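Here is how the chains run, residue by residue.
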Amino acid sequence: MFKSVFIKVLFLGIGGTLIVLTNFTAKEHRAIELGGVDSTAVITEKKERHRGVENKHDSYAIYLDVPKGSPRQKASVPSGVFKKTKNW
């Protein structure tokens with residue numbers, strides 16, 4: 001009985017934590033979208049990373065040079081964005 005109550009409390013704690021973190025991330029993204037500045041960047045490198053066969057997990061990153069910005073910024077992008085820049 002104690003084990004089942006402990007597991008329920010554990011899952012409630014994890015779920016609550018994830019909800020709070022998601023809320024902070026959403027607020028941060030909204031602030032960037034509202035306060036951001038349009039700019040043009042040059043793609044300097046692209047990386048596609050595959051991990052494991054059983055738990056296939058791909059990640060895509062594009063490295064950018066932004067004029068008047070700090071050098072070489074890394075942006076993690078969805079596969080669709082990465083594939084659109086395939087022929088750069």
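## Focus: the overall build of the protein
Moving on, step 1. The secondary structure content of the protein amounts to two helices and three strands.
Moving on, step 2. In the protein, the succession of helices and strands from N to C terminus is α-β-β-β-α.
Moving on, step 3. Looking at the protein residue by residue over its 88 residues, the buried ones come to 9%.
Moving on, step 4. Within the protein, residue pairs in contact and separated by at least 24 positions form 26% of the contacts whose partners lie at least 6 positions apart.
Moving on, step 5. Carbon and sulfur atoms make up 62% of the accessible area of the protein, which totals about 7,900 Å².

## A look at a nonpolar patch on the surface
Moving on, step 1. Judged by side-chain polarity, F2, F6, I7, L10, F11, I14, L18 and L21 come together as a nonpolar surface patch covering roughly 850 Å² of accessible area.
Moving on, step 2. On the secondary structure map, L18 appears in helix α1 (residues 2–35).

## Side note on the environment of I43
Moving on, step 1. Within the secondary structure, I43 sits in strand β1 (residues 42–51).
Moving on, step 2. Looking at I43, the relative accessible area reads 22%, which means it is partly exposed.
Moving on, step 3. Separated by 42 residues in sequence, I43 and T85 place their C-alpha atoms 9.0 Å apart.

## A few points about the environment of V81
Moving on, step 1. Mapped onto the elements, V81 comes out in helix α2 (residues 79–84).
Moving on, step 2. Since its relative accessible area comes to 38%, V81 is described here as partly exposed.
Moving on, step 3. Between the C-alpha atom of V81 and that of I62, which follows or precedes it by 19 residues, the distance is 9.5 Å.

## A few points about the confidence of the model for the protein
Reading predicted coordinates in detail is not appropriate for stretches of low pLDDT.
Moving on, step 1. With 85% of its residues at a pLDDT of at least 70, the protein reaches an overall mean of 76.
Moving on, step 2. Per-element averaging of pLDDT across the protein places β1 at the bottom with 76 and α1 at the top with 81.

About the criteria used
- Residues numbered from 1 in each chain as written.
- Predicted model: local features only at pLDDT ≥ 70, side-chain atom pairs only at ≥ 80, totals over all residues.
- Heavy atoms only, no water.
- Helix = DSSP H or I, 4+ residues; strand = E, 2+ residues; numbered from the N terminus.
- Buried < 20%, exposed > 50% of the residue type's maximum accessible area, 1.4 Å probe, protein only.
- Contact = heavy atoms within 4.5 Å.
- Areas by Shrake-Rupley, 256 points an atom, 1.4 Å probe, with all protein chains shown as cover.
- Patch = residues over 30% accessible without salt bridge, like charges linked within 9 Å, V, L, I, M, F, W, Y side chains within 5 Å.
- Salt bridge = Lys/Arg side-chain N within 4 Å of Asp/Glu carboxyl O.
- pLDDT = per-residue confidence, 0-100.

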